[in-house]
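Each chain is listed here by its residues.
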Amino acid sequence: MFIASLIARPGMLDPALVEALRNARGGGAVTWLSPDEAAEFPLEAMPDDLEGLRGSIAAQADLNVLPAANRRKRMLLADMDSTMIRQECIDELADEAGVGEVVKTITARAMNGELDFEGALTERVALLKGLPESVIAKVLAERIQLMPGGPELVATMKAAGGYAALVSGGFTAFTARVAEMVGFDENRANSLFVADGVLTGEVGRPILGREAKVQALEEITARLGLSEDDVLAVGDGANDLGMLTRAGLGVALHAKPAVQAQAQCRVNHGDLTALLFLQGYARDEFAAP
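Residues numbered from 1 in each chain as written. Predicted model: local features only at pLDDT ≥ 70, side-chain atom pairs only at ≥ 80, totals over all residues. Heavy atoms only, no water.

## As for the pairing of strand β11 (residues 249-253)
Turning to step 1, where the next piece is worked out: Of all five residues in β11, five are buried, a share of seventy percent or more.
Turning to step 2, where the next piece is worked out: Neither face of β11 is exposed, since Leu249, Val251 and Leu253 on one face and Gly250 and Ala252 on the opposite face are all buried.
Turning to step 3, where the next piece is worked out: Viewed along the sheet, the connection from strand β10 (residues 231-235) through helix α10 (residues 241-246) into β11 turns out right-handed.
Turning to step 4, where the next piece is worked out: Here β11 runs beside strand β12 (residues 265-267); their pairing, made up of three bridges, is parallel. Residue Val251 lies in a different strand from β12, and its bridge partner there is Cys265.
Turning to step 5, where the next piece is worked out: Running through helix α11 (residues 257-262), the crossover from β11 to the neighbouring parallel element β12 is right-handed. (Buried < 20%, exposed > 50% of the residue type's maximum accessible area, 1.4 Å probe, protein only. Helix = DSSP H or I, 4+ residues; strand = E, 2+ residues; numbered from the N terminus. Right-handed = clockwise from strand over helix to strand, strands pointing away. Pairing = 2+ DSSP bridges.)

## Topic: the environment of Gly183
Turning to step 1, where the next piece is worked out: When you line up the elements, Gly183 lands in the loop between α8 (172-182) and β7 (186-190).
Turning to step 2, where the next piece is worked out: Considering only alpha carbons, one finds Gly183 and Gly150, 33 residues apart in sequence, at a separation of 9.3 Å.
Turning to step 3, where the next piece is worked out: If sequence neighbours within four positions are ignored, Gly183 has contacts with Val154 and Lys158. (Contact = heavy atoms within 4.5 Å.)

## A closer look at the pattern of salt bridges
Turning to step 1, where the next piece is worked out: Following the criterion strictly, the structure yields 26 salt bridges and no others.
Turning to step 2, where the next piece is worked out: Notably, a salt bridge pairs Arg143 with Glu92, separated by 2.6 Å at the nearest N-O pair. Placement of Arg143 in the loop between α6 (134-142) and α7 (150-159) and of Glu92 in helix α3 (residues 89-97) is noted, with a sequence separation of 51 residues between them.
Turning to step 3, where the next piece is worked out: Between Arg246 and Glu218 there is a salt bridge, with the nearest N and O atoms lying 2.8 Å from each other. Here the residue Arg246 occupies a position in helix α10, and Glu218 occupies one in helix α9 (residues 210-224), the gap between them amounting to 28 residues. (Salt bridge = Lys/Arg side-chain N within 4 Å of Asp/Glu carboxyl O.)

## What about unusual backbone geometry?
Turning to step 1, where the next piece is worked out: The residue after Arg205, namely Pro206, is reached through a cis peptide bond having omega -5 degrees.
Turning to step 2, where the next piece is worked out: Within the secondary structure layout, Pro206 lies in the loop between β9 (198-203) and α9.
Turning to step 3, where the next piece is worked out: A positive phi angle, near 55 degrees, is found at Asp196, a position not held by glycine.
Turning to step 4, where the next piece is worked out: Positionally, Asp196 belongs in the loop between β8 (192-195) and β9.
Turning to step 5, where the next piece is worked out: Positive phi, close to 40 degrees, is recorded for His254, a residue that is not glycine.
Turning to step 6, where the next piece is worked out: Inspection of the secondary structure puts His254 in the loop between β11 and α11.

## A closer look at the sheet that holds strand β2 (residues 31-34)
Sheet strands pair by backbone hydrogen bonding; their relative direction is either parallel or antiparallel.
Turning to step 1, where the next piece is worked out: Strand order across the open sheet formed by four strands is β2-β3-β1-β4, with antiparallel pairing between neighbours. Since the sheet does not close on itself, it has two edges, and those belong to β2 and β4 (62-67), each with one partner. Sheet twist, expressed as the mean angle between neighbouring strand axes with direction ignored, is 25 degrees.
Turning to step 2, where the next piece is worked out: Pairing analysis gives three bridges linking β2 to strand β3 (residues 38-43), with the strands arranged antiparallel. In the strand pairing of β3, Trp32 is matched with Ala39.
Turning to step 3, where the next piece is worked out: The strands touched by helix α2 (residues 50-57) within the sheet are β1 (2-7) and β4, with β4 carrying the most contacts at an inclination of about 150 degrees. (Axes fitted to C-alpha atoms, helices over the stretch in contact; angles between N-to-C directions.)

## Here we look at α7
Turning to step 1, where the next piece is worked out: When you tally the buried positions in α7, you get seven out of ten residues, the bulk of the element.
Turning to step 2, where the next piece is worked out: Turning to α7, its buried residues number three or more, namely Gly150, Pro151, Leu153, Val154, Ala155, Thr156 and Met157.
Turning to step 3, where the next piece is worked out: Tucked into the core, α7 has its buried residues touching β5 (75-78), β6 (163-171), α8, β10 and α12 (274-278).
Turning to step 4, where the next piece is worked out: In the stretch just after α7, Gly161 is the one whose phi turns positive, near 95 degrees.

## Structural notes on the sheet that holds β12
Turning to step 1, where the next piece is worked out: Taken in spatial order, the six strands make up an open sheet running β7-β6-β5-β10-β11-β12, and their pairing is parallel. Each edge of the open sheet carries a strand with a single partner, namely β7 and β12. Averaged over all pairs of adjacent strands, the angle between their axes in this sheet comes to 20 degrees, without regard to strand direction.
Turning to step 2, where the next piece is worked out: Sheet topology places β10 next to β11; four bridges connect them, and they run parallel. Looking across to β11, one finds that Gly235 is bridged to Ala252.

## Regarding the environment of Ile7
Turning to step 1, where the next piece is worked out: Along the chain, the position of Ile7 falls in strand β1.
Turning to step 2, where the next piece is worked out: Distance from Ile7 to Asp196, taken between C-alpha atoms, is 50 Å for residues 189 residues apart in sequence.
Turning to step 3, where the next piece is worked out: Not counting chain neighbours up to four residues away, the residues in contact with Ile7 comprise Glu37, Ala38, Ala61, Asp62, His269, Ala274, Phe277 and Leu278.

Encoded structure:
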């Protein structure tokens with residue numbers, strides 16, 4: 001048995017669209033998780049033309065079809081930049097260093113899988129050499145914004161007994177603060193080297209990238225006695241694909257095209273609360289952060 005999930009921006013999911021899709025596919029009764037925002041219905045089999053269906057309603061809603069069994073996951077494994085926060089931290093630091101446009105171009109290409117992540121990160125960090133360490137606190141205070149729905153996502157999963165881990169190809173100076181703000185149980189990221197109060201332009205080794213995120217998935221599930229099927233992973237970049245394809249539920253959130261093409265589920269219309277709808281939570285079940 002499968003569940004067809006439709007999610008749109010609040011107030012934008014047309015009931016007629018949901019009913020038409022259900023009727024065309026012979027689905028079961030529609031359940032509304034949030035009025036005019038999120039609905040779902042059961043299907044006997046995975047549609048063989050899912051991509052075509054998705055494309056036909058892409059301007060109106062996200063369509064995902066996922067197994068009905070074990071929907072509510074017991075662990076959240078989340079990327080940080082452009083996933084749990086709106087920004088890319090290294091791009092914000094680069095703006096302060098006066099090399100913003102150069103770094104943003106490299107970041108975009110790396111996240112789309114066009115560049116080797118480790119090499120791209122090393123190149124970008126080198127451009128930050130000489131930047132005062134105090135700029136990190138300034139960027140955190142003035143530039144970093146949480147992605148909408150993140151605190152509700154973490155609070156709801158933890159209220160149900162779940163565990164939340166933030167794993168980033170960014171930097172511990174940012175993940176530690178974001179993890180505290182959102183409510184994550186642990187965080188992993190790269191370390192920026194500092195000497196005499198300024199960034200040296202070097203990053204600690206080994207660099208946490210795609211394989212390290214998979215390693216985090218393996219290590220944390222083993223420690224908690226969970227299976228990979230118990231994990232919900234979310235990210236937006238090519239370096240997230242390893243964990244997205246290994247987790248029981250992998251979600252590409254407002255992701256690069258190459259990432260959406262390979263992830264099990266995609267969210268382009270909703271915020272992070274869409275990950276709760278995908279697990280079958282109704283809006284009135286969300287926990288307060």
